[in-house]
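Structural characterization, general
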Amino acid sequence: MFNLMEKRQWFFLFSALLIIPGLVAMIYNTVTYGSAVKMSIDFTGGALLELRFEQPMLPAEVRQVFVDHGFPGTIVQTTVDDQTILIRTKPMEPEAKEEIVTALRASHGAVEELRFESVGPAVSTEVTQTAIIAVAVAALFILAFIIFAFRKVPHSFRYGMCAIAAMLHDILVTVGLFAIASTVLGWEADALFLTAILTVIGFSVQDTIVVFDRIRENTPKRRGEPYETVVNRSLLETIHRSLATQLNAIFVLIALLFFGGATTKQFVAVLLVGLMSGTYLSLFNAVPLLV
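The structure reproduced in this document is the subject of the present report. Values in this document were obtained by computation on a predicted structure and should not be read as measured data. (Residues numbered from 1 in each chain as written. Predicted model: local features only at pLDDT ≥ 70, side-chain atom pairs only at ≥ 80, totals over all residues. Heavy atoms only, no water.)

This part takes up the nonpolar core. Within the largest apolar cluster, 51 residues are counted, with the highest numbers of intra-cluster contacts made by Tyr 159, Met 167 and Phe 212. Of all the secondary structure elements, the ones that give two or more residues to this core are helix H1 (8-33), helix H5 (125-149), helix H6 (156-185), helix H7 (191-221), helix H8 (227-259) and helix H9 (265-290). Top element by residues in this core is H9. It accounts for twelve residues. Residues in contact with Met 167, not counting those within four places in the same chain, are Val 135, Ala 139, Ile 142, Ile 201, Ser 204 and Val 205. Grouped together as the second largest cluster of nonpolar side chains are 17 residues, Leu 51, Val 62, Ile 85 and Ile 100 included. (Core = buried A, V, L, I, M, F, W, Y, C linked by side-chain atoms within 4.5 Å. Buried < 20%, exposed > 50% of the residue type's maximum accessible area, 1.4 Å probe, protein only. Helix = DSSP H or I, 4+ residues; strand = E, 2+ residues; numbered from the N terminus. Contact = heavy atoms within 4.5 Å.)

Structure follows, in structure tokens:
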């Protein structure tokens, strides 16, 4: 039987190599921009512009014009029909707005400006703090649940702590890679980023508990075996299930990343990185950490 647990130092080293560049990027962004990742207008506020075109428009086409004029974090969506477009972007001077509207008229025909105004942040600091508190409370409930569910297994507290450690590790990897993208590609965190992080947490914990549950089942059956052998056996018995389940979701996300809309690419990328990271961490960090 192949012993994965003998390689655990290499797994931990690989995880460190994933985390450290992200931490460096988060520190750089904090010094440069005041936060670990660049914040979009959902958090900082900006300008709201509503335009009506003579013909149906794709939001991606309108967004590209704003990107070409130095507004990469622009969010574009249709309203009542495909001819009326709502644009949220960073603070914009009237002169810059007129220049963009002129460019739109030149490329897409007549454009009617319905409104132009400054807006406050859609996602306030209070909501962000509430999300952090929710994660902390969820971690406590996860710990309590695992201690109760694994109460017949020696040191059940350790199972809970390892699951939480893997969850925090997954958050660090995902946010760290997004911080690198913020620095290199100019990505900005919006409300969808917060949603993606909370979704990633759920996937991470779910996969970890599946492996831990098999360890719980095998522990009384294999009393004569060393604990490391029992854990390794349990991991090998569940690894195919974990990979098959997660790969299905990963393939869907890859398809969305390449063929989905421009406004959802960052959201899908965060989910994809978090799902891949969570799968690896559940199998090759949480379990070796338990050993």
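Following the structure, the description resumes.
It is worth spelling out the pairing of strand S3 (residues 84-89) at this point. Where a strand is regular, its side chains alternate between the two sheet faces. Across the six residues that make up S3, a large majority, six, are buried. Neither face of S3 is open: one carries Thr 84, Leu 86 and Arg 88, the other Ile 85, Ile 87 and Thr 89, and all of them are buried. Where strand S1 (residues 46-53) and S3 come together, six bridges link them in antiparallel fashion. By the bridge assignment for S3, Arg 52 is matched with Thr 84. In the sheet, strand S2 (residues 75-78) pairs with S3 via four bridges, with the strands oriented antiparallel. Residue pairing in the sheet places Thr 78 in a bridge with Ile 85 of S3. (Pairing = 2+ DSSP bridges.)

Another aspect to go through is the packing of aromatic side chains. Counted under the stated rule, the structure contains seven aromatic pairs. Measuring from centroid to centroid gives 4.4 Å for Phe 178 and Phe 193, while their planes differ by 40°, and the two rings are tilted. Taken together, the positions of Phe 178 in helix H6 and Phe 193 in helix H7 put the pair 15 residues apart, joining distant regions of the chain. Given the relative accessible area of 11%, Phe 193 is considered buried. Members of the aromatic cluster, connected to one another through ring pairs, are Phe 11, Phe 14, Tyr 280 and Phe 284. Sitting over the face of the ring of Phe 148, Arg 151 holds its NZ or CZ atom 4.2 Å from the ring centroid. The ring of Phe 150 carries the charged tip of Arg 216 above its face, separated from the ring centre by 5.1 Å. (Phe/Tyr/Trp six-rings, centres within 6.5 Å; stacked < 30°, edge-to-face > 60°. Lys NZ or Arg CZ within 6 Å of the ring centre and 35° of its normal.)

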